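# Structural overview
If you want the building blocks of each chain, they are given just below.
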Amino acid sequence: MTNLKKIKNKETVSIVIAIPPTEKINEEISSFVRSEFGEDVVFEISVKPEILGGAILIFEGYYRDYSLATKLDEAFETKREEISRVMDQEA
Amino acid sequence: MDDFNKLLRETGEIGIVREVAGIIVYASGLPEITPDELVVFENGNLGQVFSLKEDLVEILTFSNNPIKVGSKVARTTKVLEIPVGRQLLGNVIDPFGKAYDATKRMRKTSETRSVETAAPGVMKRKTIRRKFETGVSIVDLMVPLGRGQRQLVIGDRKTGKTNFLLQTIAYAAAQGDICIYAVIGKNKMDIKRAEEYFIAAQVMQNVIIVATSSEDPSAVIYLTPYSAMTIAEYFRDAGLDVLIVLDDLSSHAKFYREISLIGKRFPGRDSYPGDMFHIHAKLLERAGNFKVEKGEAAITCLPVVETLQGDLAGYIQTNIMSMTDGHIYFDSNIFSQGRRPSINPFLSVTRVGRQTQPDSKRSISRELLTFLTLFDKMQNIVHFGSELTESVRVIIETGNKILQLFDQDANKIIPSNVQPIILSFLWGQDFRGMEIAKLIYLRDKMTEMYQKDSNYQKLIDDIVLKSNSFNEILSHVKENPKQFGIDNAQN
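Residues numbered from 1 in each chain as written. Chains lettered and ligands numbered in written order. Predicted model: local features only at pLDDT ≥ 70, side-chain atom pairs only at ≥ 80, totals over all residues. Heavy atoms only, no water.

Time to look at the nonpolar core. Residue and element names in this part refer to chain B. If you look at the biggest cluster of nonpolar residues, it comprises 71 residues, and the most contacted ones within it are Phe198, Val207, Ile209, Leu368, Ile421, Met446 and Phe484. Beyond its immediate stretch of four places on either side in the chain, phenylalanine 484 contacts Ile421, Phe425, Leu442, Met446, Tyr456, Ile460, Ile463, His476 and Val477. Counting residues in hydrophobic clusters, the runner-up holds 60 residues, among them Ile24, Phe235, Leu249 and Ala287. (Core = buried A, V, L, I, M, F, W, Y, C linked by side-chain atoms within 4.5 Å. Buried < 20%, exposed > 50% of the residue type's maximum accessible area, 1.4 Å probe, protein only. Contact = heavy atoms within 4.5 Å.)

Right, here's the structure in full:
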């Protein structure tokens, strides 16, 4: 209970990733959060396979989307013709 | 959902719903959001920022669908804008500019405008000089209106206010004005009835009905008059005169009170919030007579307020009376006597309308008011049952005829220049014997001829506009009554 009270007023960093985190991934995320946001934060990890890869970060109302799914969407929008040509060639 | 994620990426901000209180939702996050900004919830619902607290954003939702705690919220970086344009004419729409009946299609407009805009300053306004005719004798003669005037229509429920308004809108639309009827939180049958009335009067092509029913969310009902005024401003800027009717602002106040109390605003008088005056003032100040590119264009506004048992001293009633340029009072006592419209000319006021009238009509208005005051006093004497002198009898008889002449069906419109001529037949000594049935027949016949025959219309208009007083009109009528379509004085 004392531990829960300690984290009550701490800021939360939400991290959304595509795959369930392993021990190694957890440690890497933990050290990243500490270096970027300081020691006085709590992070929570949620898993959404639809982002395909990368991560989405949410902190104090700010939203940063570094997911693979978004990058692919952007690529399809900007380089639509080039991609269609390549796919036609492959076919 | 794609649009929602796109907004999250574009704005780089996100909110999480922490608390839901009916139509108001409190969200954390959204660090750079601005007041009145539009937001989108995860389920696609729209909301508007109501206020900014220290840690939370207070959002007013525009849907009856409940928002769950923990839902995500995205900014749009835009304030609420609605589509405006001629494509809206002939339609019944909601405050967002979409067809009220979801099965009907509407053409897209090319322009959108913000619902909340500041009222133009004094340099953009012009003095009200042009008259605004309602086609209702008692109003045009005794409580005349001007284009750009804000005239309150006030009275108890079921006293004929809406009939009068529909009649006025139909007449204005037939004259070529753009008419906008804002139905605020009424039942769906009333909305349908209004639409059918305008279609039957063949004026719907110049009318837009902005409607919300009582089952719509309070936030959407709150927006109705502002959306209507935004559409009116578009047509004003296009150089067209607009009539806007807000039916009714007392309901609007009640819905805003509900929103404020749910939003934990401190209740003031009658539990209304402290900014109640501002909510209506910022709306009504957007009406008036303005300088536009093509000269001059007016937004004439008829806000409606309901009273309870004739109490004109209520909070909302006195607020709106102070913001407007006069009021037309619908008296329930007059209504119960069977007179329609049940307008009390003694308790009605017009602060601006008289300066738009020609001298002859101003003198008629003065004479009528003086005479009817005298008639009212005489009626009190009659109650005592004492014997009446000849002069008292004449006053009472004439007064009764005037009141009967002012009686007008909801679907009958009398051009304002015909009214003084008819009054001359009633007033003139030479026509004293004419029965009221004959006068009414004459009125209807003259109205028909005025509307169909342009020469006859010119004759009537010339007499009324070129005369300097009522006595001059009386002389014209006395000299040649036949020109008005009457064979002789007594037939």
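Here chain A shows a mean pLDDT of 86. Residues at 70 or above account for 90%. Within chain A, strand β4 (residues 62-67) of chain A carries the highest mean pLDDT (93), whereas helix α1 (residues 2-7) of chain A carries the lowest (65). (pLDDT = per-residue confidence, 0-100. Helix = DSSP H or I, 4+ residues; strand = E, 2+ residues; numbered from the N terminus.)

Our next topic: the interface of chain A and chain B. Each partner contributes residues to the interface: chain A has 9 residues there, and chain B has 10 residues. Between chain A and chain B, roughly 780 Å² of surface is buried when both sides are summed, and carbon and sulfur atoms account for 61% of that area. Summed over the three residues of chain A that lose the most area to chain B, namely A:Gly61, A:Tyr62 and A:Tyr63, the buried surface amounts to 61% of that side. Put simply, chain A and chain B have 1 salt bridge between them. There are 4 residue pairs in polar contact (both at pLDDT 80 or more) connecting chain A and chain B. If one sorts the elements of the side of chain A that touches chain B by residue count, β4(A) sits on top with 4 residues. Here the side of chain A that touches chain B is composed, by residue class, of 3 nonpolar, 2 polar and 4 charged. (Buried area = accessible area lost by both parts, 1.4 Å probe. Salt bridge = Lys/Arg side-chain N within 4 Å of Asp/Glu carboxyl O. Polar contact = N/O pair within 3.5 Å; in protein donor to acceptor, adjacent residues only side chain to side chain. Nonpolar A, V, L, I, M, F, W, Y, C, P; charged D, E, K, R; others polar.)

Bringing the sheet that holds strand β3 (residues 54-59) of chain A into the picture now. All names here are of chain A. Strand order in the open sheet formed by 4 strands is β2-β1-β3-β4, and the pairing between neighbours is mixed. Edge positions in the sheet fall to β2 (41-47) and β4, since each of these pairs with one other strand and no more. Recorded for the sheet is a direction-independent mean angle of 15 degrees between the axes of neighbouring strands. Here helix α2 (residues 23-37) sits on the sheet and contacts β1 (11-17), β2 and β3; the angle it forms with β2, its principal contact strand, is near 140 degrees. Helix α3 (residues 68-78) contacts β3 and β4 of the sheet and is inclined by roughly 75 degrees relative to β4. (Pairing = 2+ DSSP bridges. Axes fitted to C-alpha atoms, helices over the stretch in contact; angles between N-to-C directions.)

Residue and element names in this part refer to chain B. Inspection of the entire model under this criterion finds 34 salt bridges over all chains. As a salt-bridge pair, aspartate 237 and arginine 113 come within 2.8 Å of each other at their nearest N and O atoms. Note that aspartate 237 is positioned in helix α5 (residues 218-237) and arginine 113 in strand β9 (residues 111-114), a separation of 124 residues in sequence. A network of salt bridges, in which partner residues are shared, links Lys126, Arg130, Arg147, Asp177, Asp241 and Glu296.

This part takes up the sheet that holds strand β1 (residues 15-21) of chain B. Residues and elements named next belong to chain B. Ordered by their spatial adjacency, 6 strands build a closed barrel running β1-β2-β5-β4-β3-β6, and the pairing between neighbours is antiparallel. Going across the sheet, the axis of each strand differs from the next one's by a mean of 45 degrees, ignoring polarity. Two elements, β1 and strand β2 (residues 24-29), share 6 bridges in a ladder whose sense is antiparallel. Bridging from a neighbouring strand, isoleucine 16 pairs with serine 28 of β2.

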